[in-house]
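# Structural description and commentary
Each chain is listed here by its residues.
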Amino acid sequence: MASSASQSWKAYLVGPACVVIASALLKLPGIHINSTTAALAFLLIILFIATRWGSFPALFTSLLAMLCFNFFFLPPFGTLSIANPDNWVALVAFLVTAVTAGQLSA
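These remarks concern the structure in this document. Everything numeric here is computed off the predicted structure, so don't read it as measured data.

### Let's talk about the nonpolar core
In this structure, Phe 42, Ile 46, Phe 69 and Phe 94 are the most contacted members of the largest nonpolar core, which totals 24 residues. Elements with a contribution of two residues or more to this core: α1 (4-26), α2 (35-53), α3 (55-73) and α4 (85-105). Looking at which element gives the most residues to this core, the answer is α2, with 9 residues. Beyond its immediate sequence surroundings of up to four residues, Phe 69 is in contact with Ser 35, Ala 38, Ala 39, Phe 42, Leu 74, Ala 90, Leu 91 and Phe 94.

The following block contains the structure:
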């Protein structure tokens with residue numbers, strides 16, 4: 001039986017791996033996914049991490065998902081800058097929702 005500490009570290013590997021895999025699948029060439037679909041996919045990952053491993057791994061995964069959401073799905077793509085003020089609202093709303101959902105699911 002694995003110890004609690006090793007299970008905790010696993011969450012800090014599984015969460016980011018899921019975010020990276022989801023980002024890659026959602027950005028497959030020839031497929032256009034809107035930012036809402038991407039945000040919901042990331043939220044499902046965060047909920048899974050929170051229910052399986054708790055709040056802190058979910059918070060870590062939320063921050064990584066927020067960075068990937070900004071970099072890959074909000075214009076200008078491929079940067080961490082945001083051109084449209086509406087996208088700031090979307091980014092902050094995503095982060096608050098992700099953190100809240102993670103806390104409630106834990």
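### Here we look at unusual backbone geometry
In the segment running from Pro 75 into Pro 76, the intervening peptide bond is cis, with an omega of -5°. Looking at the secondary structure, you find Pro 76 in the loop between α3 and α4.

### Things to note about the packing of aromatic side chains
Within the structure shown, the criterion is met by 8 aromatic pairs. Consider the rings of Phe 42 and Phe 73, whose centres lie 6.0 Å apart with planes at 70°: the pair is edge-to-face. With Phe 42 in helix α2 and Phe 73 in helix α3, the pair connects residues that are 31 residues apart, well separated along the chain. A relative accessible area of 6% means that Phe 73 is categorised as buried. Here Phe 71 and Phe 72 contribute two aromatic rings whose centre-to-centre distance is 5.0 Å and whose plane-to-plane angle is 85°, an arrangement assigned as edge-to-face. For Phe 71, a relative accessible area of 31% translates into the label partly exposed. An aromatic cluster of at least three residues, connected via ring pairs, comprises Phe 42, Phe 69, Phe 71, Phe 72, Phe 73 and Phe 94. In this structure, Lys 27 is placed above the aromatic ring of Phe 77, and the distance from its NZ or CZ to the ring centre is 5.1 Å.

Calculation criteria
- Residues numbered from 1 in each chain as written.
- Predicted model: local features only at pLDDT ≥ 70, side-chain atom pairs only at ≥ 80, totals over all residues.
- Heavy atoms only, no water.
- Core = buried A, V, L, I, M, F, W, Y, C linked by side-chain atoms within 4.5 Å.
- Buried < 20%, exposed > 50% of the residue type's maximum accessible area, 1.4 Å probe, protein only.
- Helix = DSSP H or I, 4+ residues; strand = E, 2+ residues; numbered from the N terminus.
- Contact = heavy atoms within 4.5 Å.
- Phe/Tyr/Trp six-rings, centres within 6.5 Å; stacked < 30°, edge-to-face > 60°.
- Lys NZ or Arg CZ within 6 Å of the ring centre and 35° of its normal.

Geometric values such as these leave the question of function open.
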